[in-house]
Amino acid sequence: MNKDQFLSRRKALLAGAAVLGAAGAAGAAQLLAADPGSPVRSAAPAAGAQANRLARKPSAYRLQPIAGYGPVRRGPAPTLVRHEPFLRVAGRGRTMVLTFDDGPDPRYTPEILRTLAAHDVHAMFFVCGEMAADNKDLVRRMADEGHVVGNHTWSHPLLTRLSRSAVHSEMERTSDVVEDACGERPVWFRAPYGAWNRAAFQIGADLGMEPLGWTVDTLDWTAPGARTIESRVMDGAAPGVVVLGHDAGGDRSQSVRALREYLPRLLDSDYRITVPRRQYT
Ligand SMILES: [Zn+2]
């Protein structure tokens, strides 16, 4: 590859990132942007980092356009390796995202699904592979009812203490079981405990997933009472906020009860509860 070809490839990568970065202006799709208040970099330097990585490491992405015969391959854009998770959504108006981690759990997930359906809203479920394997019907139901099923690793370990191959196994097996349950592999992942590292970002990107963190932590796993969970959500409510809750991992009856209260209150406050979409070019 000569210098010009490399530069145009790099430009294309940066242009792709700009689409994601300009999420707020896109309007139609609820794309994500990193938290502008956080001390992290925007999408553009990440794209630059990706371009550098591609330049150093030969890969199918880089070799493909060199041949020069026929059209450039079309398909999902390669997932950029990020340096931080998305922490909020960029969008117009009062948009919020509700996320539920660690499930599915047949004791709590069905009631959460029922409440979401009663209000006709969609949420994200970051499932653990070992829970999903035992409850494939619930994973299928999540997808069938329009929710986004994300990858939350197989056994909920602290990824920062694992080898790369162990991280890969934790994430890939979970994507496999989700695909088996609902026919599609997850395109979002979330590190247990929010403990991200470079391996998690790289392997997640290799597996075609974007990292999603959260803005408001309900701390529902500490069982502070349904009213407290409800007030944490209402106090934290703001445009672009991603809420973290749990539908498994212990007694989550407070989380179930709290959702029944705060969801109609959010809707009454004119929040639109939605799920993010990935942008493919
Ligand atoms: Zn978790």
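These lines cover the structure that appears in this document, whether it is placed above or below. (Residues numbered from 1 in each chain as written. Predicted model: local features only at pLDDT ≥ 70, side-chain atom pairs only at ≥ 80, totals over all residues.)

**With respect to the environment of W188**
For step 1, the next point in the chain: Mapped onto the elements, W188 comes out in strand β6 (residues 188-189).
For step 2, the next point in the chain: Accessibility expressed as a C-beta count within 10 Å gives 23 for W188, which makes it buried.
For step 3, the next point in the chain: With 20 residues separating them along the chain, W188 and G208 place their C-alpha atoms 8.2 Å apart. (Helix = DSSP H or I, 4+ residues; strand = E, 2+ residues; numbered from the N terminus. Buried ≥ 20, exposed ≤ 12 C-beta atoms within 10 Å, placed from the backbone.)

**Topic: helix α8 (residues 164-182)**
For step 1, the next point in the chain: In a regular helix each residue adds 1.5 Å, so 19 residues correspond to 27 Å; α8 covers 27 Å between its end C-alpha atoms and thus fits that length.
For step 2, the next point in the chain: Those residues of α8 that fall on the buried side of the exposure criterion are V167, E170, M171, T174, S175, V177, V178 and A181. Considered in projection along α8, the buried side chains sweep an arc of 165° and stay on one side of the axis.
For step 3, the next point in the chain: On its buried face, α8 is in contact with β4 (124-127), α6 (129-134), α7 (136-144), β5 (148-151), β6 and α9 (198-206). (Expected span 1.5 Å × (residues − 1). Arc of directions from axis to C-beta. Contact = placed C-beta atoms within 7 Å.)

**Thoughts on unusual backbone geometry**
For step 1, the next point in the chain: For the peptide bond that leads from G103 to P104, omega is 0°, which places it in the cis range.
For step 2, the next point in the chain: With respect to the element layout, P104 can be found in the loop between β3 (95-101) and α5 (109-118).
For step 3, the next point in the chain: Backbone geometry at H156 places phi at a positive 60°, although glycine is not the residue there.
For step 4, the next point in the chain: Turning to its location among the elements, H156 is positioned in the loop between β5 and α8.

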